[in-house]
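Residue strings, one per chain:
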Amino acid sequence: VQLQASGGGPVQAGGSLRFSCASSGRTSGRYVVGWFRQTPGKEREFVAAINWSTRHTSYADSVKGRFTISRDTTENTVYLQMNNLKPEDTAVYYCAADGTLIRSGWPNPAAYDYWGQGTQVTVSS
């Protein structure tokens, strides 16, 4: 599985951004794509995840109601729409994928086998 992430950049507080994560090589019905973020000196933090087949989703409490994860089967791409961005959303964002995760494992970055490159988001107040 290969992941190609795009999107991100500078934005003012209250603004919006959309990330894309294009994947190839997806194989199983338990294929899950997640988004994580990381700031210097901190551990990688779960943001959101989606099961490719069922479209079930999960969000971190800090982004519920502001971020939306979705997938496009024709493009083999998962999107993360981020609205009402806050300065505390500033981080490097990563998409990740795995073909064997059960739902309880979605927030754990160590459970994902495949990672895209990170992309910086900077939210200014």
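Preceding this paragraph is the structure being described.
Summary of the structure given here. Note that the structure is predicted; figures quoted are calculated from it, not measured.

## Re the environment of Ala-110
Then, in step 1: Along the chain, the position of Ala-110 falls in the loop between β9 (91-98) and β10 (114-115).
Then, in step 2: Given the relative accessible area of 66%, Ala-110 is considered exposed.
Then, in step 3: Sequence separation of Ala-110 and Arg-44 is 66 residues, and the distance between their C-alpha atoms is 9.5 Å.

## A few points about the state of the cysteines
Then, in step 1: Per the counting criterion, the structure on display carries one disulfide.
Then, in step 2: Between Cys-21 and Cys-95 runs a disulfide, and the two sulfur atoms are separated by 2.2 Å. The S-S bond linking Cys-21 to Cys-95 shows a torsion near 70°; that makes this disulfide right-handed. In this pair, Cys-21 sits in strand β3 (residues 17-24) while Cys-95 sits in strand β9, placing the two residues 74 residues apart along the sequence. Residue Cys-21 shares its accessibility class with Cys-95, and that shared class is buried.

## Let's talk about the packing of aromatic side chains
The description of an aromatic ring pair uses the distance of the two centres, along with the angle that the planes make with each other.
Then, in step 1: Tallied over the full model, the rule gives eight aromatic pairs.
Then, in step 2: Taken together, a centroid distance of 5.7 Å and an interplanar angle of 70° make the contact between Phe-36 and Phe-46 edge-to-face. In this pair, Phe-36 is assigned in strand β4 (residues 32-38) and Phe-46 in strand β5 (residues 45-51), connecting sequence segments ten residues apart.
Then, in step 3: Exposure remark for Phe-36: the relative accessible area of 0% places this residue in the buried category.
Then, in step 4: An aromatic cluster of at least three residues, connected via ring pairs, comprises Phe-36, Phe-46, Tyr-94, Tyr-112 and Trp-115.
Then, in step 5: In this arrangement the basic side chain of Arg-44 is found over the ring face of Tyr-94, its NZ or CZ atom lying 3.8 Å from the centre.
Then, in step 6: For the cation-ring pair, Arg-71 lies above Trp-52, with the distance from its terminal atom to the ring centre recorded as 5.8 Å.

## Thoughts on the sheet that holds strand β1 (residues 2-6)
Then, in step 1: Read from one edge to the other, the open sheet built from four strands follows the order β1-β3-β8-β7, with strand pairing classed as antiparallel. The open sheet has two edge strands with one neighbour each: β1 and β7 (67-72). Ignoring strand direction, the axes of neighbouring strands in this sheet form an average angle of 15°.

## Some words on the pairing of β3
Then, in step 1: Sheet analysis places β1 next to β3, joined by five bridges and oriented antiparallel. What sits directly across from Leu-3, in β3, is Ser-23.
Then, in step 2: Across six bridges, β3 lies against strand β8 (residues 77-82) in antiparallel orientation. Along β8, the bridge assignment pairs Arg-18 with Gln-81.

Definitions and limits used
- Residues numbered from 1 in each chain as written.
- Predicted model: local features only at pLDDT ≥ 70, side-chain atom pairs only at ≥ 80, totals over all residues.
- Heavy atoms only, no water.
- Helix = DSSP H or I, 4+ residues; strand = E, 2+ residues; numbered from the N terminus.
- Buried < 20%, exposed > 50% of the residue type's maximum accessible area, 1.4 Å probe, protein only.
- Disulfide = S-S within 2.5 Å.
- Phe/Tyr/Trp six-rings, centres within 6.5 Å; stacked < 30°, edge-to-face > 60°.
- Lys NZ or Arg CZ within 6 Å of the ring centre and 35° of its normal.
- Pairing = 2+ DSSP bridges.
- Axes fitted to C-alpha atoms, helices over the stretch in contact; angles between N-to-C directions.

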